[in-house]
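Each chain is listed here by its residues.
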Amino acid sequence: MVDIKKKANELLAANAVQVVIGFEEGTSGKSRAIFAQDAAGVDKLIFNSQCVLNLAVYLTKHEIKKLGKPAIIAPLPVMRAIIQLASEFQIKESEMAVLGVSPEGKLVEFQTFAAIESYLKDFKIAMDEKEKEILAKISNMSLSERFDFWMQELGECFKCYACRAACPMCYCHKCAVEQNKPQWIPVAANNLGNLEWHAMRAMHLAGRCVNCDACHNACPKGIPLNFLTKLMMVDAKEIFGQDGPSLKDGHLLSTFKPNDKENFIR
Amino acid sequence: MTEFEPKIVAFVCNWCTYAGADLTGTSRIKYATNVKLVRFPCTGRIDFMLLLKAFGEGADGIIISGCHPNDCHYTSGNFHARRRWIMFRGLLNFLGIDTRRIQFSWVSAAEGGKWADIVNSTVKSVRELGPYNDYKKVADFLETEVTNG
Amino acid sequence: MTIEKYLVKSASLSALFDKIKASGKVVQAPVKKAHTVDFMPVNAFNEITDDYIVTTQSAKSVAFPRVEKLFKYTKAKKEVTIADYAINTIPEVVMWGVRPCDAAGVSPLNAIFTWDVDDVIFTTKLKRTTFIGFSCQKSDACCFCTSVGGNPGATAGSDILMTKLSSGNYLAEIITEKGKAIQVLAPEFFEETPSEEKEKNLAQVPIQFNYLEIKEKVDAYFESDIWKAQAQRCISCGTCAFVCPTCACFDIQDENHGKVGQRIRNWDSCCFSQFTIHTSGHNPRESQDRRWRQRINHKFSIMPDRINAYGCIGCGRCSRACPVDMNIMEHLIGISQLAKK
């Protein structure tokens, strides 16, 4: 952390940035976001295995933007989110500094977003053993078992939208569920409304999810809804060869290839 | 006992499949009457959520059809649609929603025969699958009043 | 009525439960679910878990559920038939296993639903609910009931309060007539009072701040920057309001399905970014600091002023559920430490 804190202090002292977005110690061993604007704040910065919140979610918030140009502490999930947000024109290279954190906890300095993307080539998003196991377990269930499984899990949802709020890719100022002409997704929490909400959100994240699990971690009911977005990621890779966020490649659902392959269209 | 007649909703594009369906009619080809058509300017306009909405409104099966690739009236609408369908179908399957009840096809304005064939075969297979009761139960929350939390 | 004290042997608890069930009441109790511990209707005593500090969600759903049908309508040409909520279908419910803080939350919630017009659905549901509370033997870092006028063995809001003694048996305090009605179902299980002190068997929850001070600080510091500093990490997700026992904001929607539909009331949260958006597009609470300020203001200043009830009972659910660790207790301590103006 020493190298990161040193750099953060340097940037603040030189007024190169006005705020450092990082992690600090929270309640009972949890970690939480801190917006350090001076040395005292920088001193509180930590980085450990509890730091699972995706800080990139703050980059698109107007209240945080008002604090000034930010430097953001960026472990791998945050780096990936930054590239994805940049490719969607939500953040500009010149308007922020990125203090990368390697998997070993060391500072990695980036001057450009392209440098981040290049760094990420060595850390491709991949399902680990546990994730593969769960995906396989669900996929190997019979159709009705799968439906029952998801009705059971999604039945717990009471539509608090914490998943949406914690996701760095859900930055729409007015979410589709907040429109009421038409009320496309029912406001009520019932199996149908929950299914429609989660299916829609998974599709809106197709090709954009960076596998940070912020949605699942935020869910007060512990629903494994991150597996819906993981499934989309796996499909995007296997079917279309999309291998993580990219500044240059087009987005999964807003581009196409004339020879996209499928086997179900007659 | 009356045989179960499936309710099928078809989301079709105006320029190809809808015209093709017209041709089926003008050619006096007889085909199953279970289908209600919803006409779109292009398959690219078909919101993926409409499929779930159709099931939620009581459809037992769905047909989605448009222009052949490279023939889209708006050049690339059907290419976008195809990508969307590929991803969405994977998600639906993962969620345990019966994708055997959804038939995707490319039917051009000249393929009156193909349209009849698509409709007939879809109706036949959905009839064999039976009514989509699992989904209807979930969608019936107005009556069952099953809510969460 | 004056509180009556009895001893209920731990071995009798299950039989008492059975007698209550046999009387026809619906019993809801904390059940260990896939990922949480929450109130569910139970049929057998062994479904109940006692492995919880507080349940993830509050007990407010018994009177103010997540989704509530207000009325149903059917349209036929120009005729509209409305079927009102059938009050007489509301069952008698026993909420078994609420904590003293949960029980304390009933009064402010009731104050909200009766301050202007009596919300008949809510008040009827509440009238038909009996709360059997269980005092707390343990607490965690998020609990702060003692800072807002409560304590781990408080009786306010419970109809019966059970406190586990060192013997493993329970001190049963019958607090209200409703509690008496439960005792009457199985009087054989309510034995002579023990002489053991209740306080020795309660969790220790140190007082962190004086809630009466919060009000004067909130009023004095309305325009201060402290709200910005506190609200920075909030992501306006809405979870805190949903798990809170006293939060009552709601959104009314019509769910229509052709010729039939219903008007339903859903939980809402003042922390959602679009909560106060006007039809014109103007949003008076456009930034998170304003929404956060409003949340504290409402619970600690507006509610006491208008309906003589504090809107926070110190259960700490919001802090536990919050994805970004807002920890309301920390913020309240910060507010209470502001200099007097």
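Residues numbered from 1 in each chain as written. Chains lettered and ligands numbered in written order. Predicted model: local features only at pLDDT ≥ 70, side-chain atom pairs only at ≥ 80, totals over all residues.

Chemist: Can you walk me through the domain arrangement of chain A in this structure?
Modeler: By a frequent convention, interface size equals the accessible area lost on bringing the separate parts together. Residue and element names in this part refer to chain A. Each assigned domain of chain A is listed here: domain 1 (2-120) and domain 2 (129-240). Domain 1 and domain 2 are separated by 27 Å when their C-alpha centres are compared. Each side of the interface is counted separately: domain 1 has 12 residues, and domain 2 has 11 residues. (Domains from an automatic or database assignment. Contact = placed C-beta atoms within 7 Å.)

Chemist: What should I look at first to understand the environment of Gly149(C) in this one?
Modeler: Note on placement: Gly149(C) falls in the loop between β7 (129-134) and β8 (160-164). In this structure the C-alpha to C-alpha distance between Gly149(C) and Leu212(C), which are 63 residues apart in sequence, comes to 9.3 Å. (Helix = DSSP H or I, 4+ residues; strand = E, 2+ residues; numbered from the N terminus.)

Chemist: What is the right way to look at the interface of chain B and chain A in this model?
Modeler: Every contact between the two is made by 36 residues of chain B and, on the other side, 40 residues of chain A. For the side of chain B that touches chain A, the secondary structure elements donating two or more residues are α2 (49-56), α3 (77-95), β4 (102-106) and α5 (133-139) of chain B. The greatest single-element share of the side of chain B that touches chain A, amounting to 13 residues, is contributed by α3(B).

Chemist: Just to check I follow, could you spell out the sheet that holds strand β10 (residues 250-257) of chain C for this structure?
Modeler: In sheet architecture, strand pairing relies on hydrogen bonds along the backbone and comes in two forms, parallel and antiparallel. All names here are of chain C. Reading across the sheet, the four strands line up as β5-β4-β11-β10 and stay open at both edges, with antiparallel pairing between neighbours. The strands lining the two open edges of the sheet, one partner per strand, are β5 (79-84) and β10. Neighbour to neighbour, the strand axes of the sheet diverge by 20° on average, direction disregarded. One ladder, built from six bridges, connects strand β4 (residues 67-76) with β5; its direction is antiparallel. The residue of β5 that forms the bridge with Ala76 is Glu79. (Pairing = 2+ DSSP bridges. Axes fitted to C-alpha atoms, helices over the stretch in contact; angles between N-to-C directions.)

Chemist: Help me out: how do you make sense of helix α7 (residues 143-154) of chain A in this one?
Modeler: Each turn of an α-helix holds 3.6 residues, which means side chains three or four residues apart point in the same direction. Residue and element names in this part refer to chain A. Taking 1.5 Å of rise per residue, the 12 residues of α7 would be expected to cover 16 Å, and the 16 Å separating its terminal C-alpha atoms lies within 8% of that figure. Of all the residues in α7, the buried ones are Trp150, Glu153 and Leu154. End-on view of α7: buried residues confined to an arc of 90°, all on one side of the axis. Pointing more than 90 degrees away from the buried face of α7 are the exposed residues Ser144 and Glu145. (Expected span 1.5 Å × (residues − 1). Buried ≥ 20, exposed ≤ 12 C-beta atoms within 10 Å, placed from the backbone. Arc of directions from axis to C-beta.)

Chemist: Is there a simple way to think about the sheet that holds strand β2 (residues 26-32) of chain C in this case?
Modeler: Residues and elements named next belong to chain C. Read across the sheet, seven strands follow the order β1-β9-β8-β7-β6-β2-β3 without closing on themselves; strand pairing throughout is mixed. Of all strands in the sheet, those bounded by a partner on one side alone are β1 (4-8) and β3 (37-41). Sheet twist, expressed as the mean angle between neighbouring strand axes with direction ignored, is 25°. The sheet contact formed by β8 and strand β9 (residues 170-174) spans five bridges and is antiparallel. Paired with Lys164 across the strands is Tyr170, a residue of β9.

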